[in-house]
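# Structural characterization, general
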Amino acid sequence: ATPVAIMVGTGKGAEMGVLFKSAEALETLHNVDTVVLDKTGTVTQGRPAVTDILPAVRADGGSMSEKQLLKLAAALEKSSEHPLAEAIMALADQRGIVARSVADFRAVPGRGVTAREGTNPIAAGNAQLMAELGIDVDRAQLESFARAGKTPLFFAKNGELAGTIAVADEVKPTSPAAIAALGRLGVKAVMLTGDNRLTADAIARAVGLSDVIADVLPADKERHVRELQDSGHVVAMVGDGINDSPALARSDVGLAIGTGADVAKEGADVVLMHSDLLDVARAIELSRAVIRNIK
Ligand code: ADP
Ligand code: MG
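Counting from 1, residues in each chain are numbered in the order their sequence is written. Labels are handed out in written order, letters beginning with A for the chains and numbers beginning with 1 for the ligands. Where totals are concerned, whole chains, interfaces and linings use all residues; where local detail is concerned, this predicted model gives features only for residues with pLDDT of at least 70, and gives and counts side-chain atom pairs only at 80 or more.

## Regarding the overall build of the protein
Comment: elements are numbered from the N terminus, with helices defined as DSSP H or I runs of at least four residues and strands as E runs of at least two. Check the secondary structure of the protein and you find 13 helices and 13 strands. Sorting the 295 residues of the protein into buried and exposed places 47% on the buried side. Across the protein, contacts joining residues at least 24 apart in sequence account for 59% of those joining residues at least 6 apart. For the exposure call, what matters is how many other C-beta atoms sit within 10 Å of a residue's own: 20 or more marks it buried, 12 or fewer exposed, and in between partly exposed, using C-beta atoms placed from the backbone. We call two residues in contact whenever the C-beta atoms placed from their backbones are within 7 Å.

Shown next, in the form of structure tokens:
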């Protein structure tokens, strides 16, 4: 490609809020046939909010009040940096709850968090984490939340389920149009997420996506990109999180969401300043136009 054409293309990208960090990124993008999209913060707004608080009925027939459950949740989530934790803390704050402190706080990547309150082990996380702790969750309840596109978070104390708090993250208004635009360009969109299969499928349906890889541990996102490359695809990855940076680096072209984590933006080849997925399709069109003009 001629340096002048690339320069003009890079300038046009900048005008529309698509920052190409290298000439190579602009060139490679025209060959991309698969776009892998992170879910939270990429397809969705990344601002989850609590929708339901359901204390569980214990074996002894008793249960916590909503407020007690929220207090337990706040104690656990206080030290977590996960967006789901922020949703819990925002509600606790709104209800005037000051989070108690806990001991032995530990984040379990892709699963949740565990800690101790006095002699009581406590935990927050998904169904897998509860299974690992030997705690039964209500499958029917999990499925009804997940089918509605909500993510159920489970809270446990002393080896017993204390309750469920469901959290929902709205899809970005332009995500459905962006998926359709990629389809028109002949580019396959695949959503990659650590969230559970049912919730992921519900979100995918809402935006018109049919390819979903769910229940992915943070450390495995990169491997999924590599597998797509190994089967012959030229892959662009779009993400916003710290979790996404190895996958962004691995992909042929990594695109970071402008409002995302600094490490994601540092490791990416392209930064989407408007945090809008429509700009992914526009960037591919721009790259194709630049390459066409050169040839
Ligand atoms: P993603 O960012 O794609 O949603 P993560 O790998 O960060 O995926 O998290 C996967 C799942 O692990 C979440 O959907 C949630 O169920 C659970 N989880 C992670 N962190 C927490 C937390 N701090 N509190 C409760 N659940 C959590
Ligand atoms: Mg994300």
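## Overview of the domain arrangement of the protein
Under the domain assignment, the protein is made up of domain 1 (9-45 + 170-294) and domain 2 (49-168). Throughout, the edges of the domains are those of an automatic or database domain assignment. Here the C-alpha centroids of domain 1 and domain 2 sit 31 Å apart. Each side of the interface is counted separately: domain 1 has 13 residues, and domain 2 has 13 residues. Considering every element that reaches the side of domain 1 that touches domain 2, the biggest residue donor is helix 9 (residues 197-207), with five residues. Across the side of domain 1 that touches domain 2, the residue classes break down as seven nonpolar, four polar and two charged. For this scheme, ten residues count as nonpolar: Ala, Val, Leu, Ile, Met, Phe, Trp, Tyr, Cys and Pro. Four count as charged, namely Asp, Glu, Lys and Arg, and the remainder, Gly too, count as polar.

## Concerning the packing of helix 1 (residues 3-15) against helix 13 (residues 278-294)
Between N-to-C directions, angles span 0 to 180 degrees; the directions come from axes that are lines fitted to C-alpha atoms, helices contributing only their stretch in contact. Direction vectors running N to C along helix 1 and helix 13 enclose 160 degrees, while the axes themselves pass 10 Å from each other. Judged on the interaxial angle alone, helix 13 and helix 1 are roughly antiparallel. Between helix 1 and helix 13 lies a crossing whose hand is right-handed. Each of Ala5, Ile6, Gly9, Lys12 and Gly13 in helix 1 lies in contact with helix 13, whose residues at this interface are Ala283, Leu286, Val290, Asn293 and Ile294. Residues that form the contact of helix 1 with helix 13 fall into these classes: six nonpolar, three polar and one charged. An angle counts as roughly parallel when it lies under 35 degrees, as roughly antiparallel when it exceeds 145, as roughly perpendicular when it falls between 65 and 115, and as oblique in every other case. By convention the crossing between two helices is left-handed if the near helix lies anticlockwise of the far one by an angle smaller than a right angle, and right-handed if it lies clockwise.

## Focus on unusual backbone geometry
You will see that Asn158, though not glycine, has its phi angle at about 55 degrees, which is positive. Mapped onto the elements, Asn158 comes out in the loop between strand 7 (151-157) and strand 8 (160-168). Look at Ser275: it is not a glycine, yet its phi comes out positive at around 55 degrees. Position of Ser275 among the secondary structure elements: in the loop between strand 13 (270-272) and helix 13.

## Describing the pairing of strand 9 (residues 188-192)
For strand 9, the buried fraction is high: four of the five residues fall into the buried class. Relative to strand 9, strand 2 (residues 34-38) runs parallel, the two sharing five bridges. In the sheet register, Thr34 faces strand 9, and the bridge partner there is Lys188. Should DSSP find at least two bridges between two strands, the strands are regarded as paired. As paired elements, strand 9 and strand 10 (residues 211-213) share three bridges and run parallel to each other. Residue Val190 lies in a different strand from strand 10, and its bridge partner there is Asp211. Handedness of a crossover is defined as follows: orient the strands so they point away from the viewer, and if the path from the first strand over the helix to the second runs clockwise, the crossover is right-handed. This β-α-β element, strand 9 to helix 9 to strand 10, shows right-handed connectivity.

## A closer look at the site of ligand 1
The rule is simple: place the C-beta atom from the backbone, and if it lies within 6 Å of a molecule or strand, the residue is near it. Among the 22 residues in the neighbourhood of ligand 1, the closest are listed as Ser80, Gly110, Gly112, Asn126 and Gly194. Mapped by element, the contributors of at least two residues to the shell around ligand 1 are helix 3 (39-43), helix 5 (83-94), strand 5 (112-117), strand 6 (120-125) and strand 7. Partitioning the shell around ligand 1 into residue classes produces six nonpolar, 12 polar and four charged. Two domains share the shell around ligand 1, each providing at least three of its residues, namely domain 1 (9-45 + 170-294) and domain 2 (49-168).

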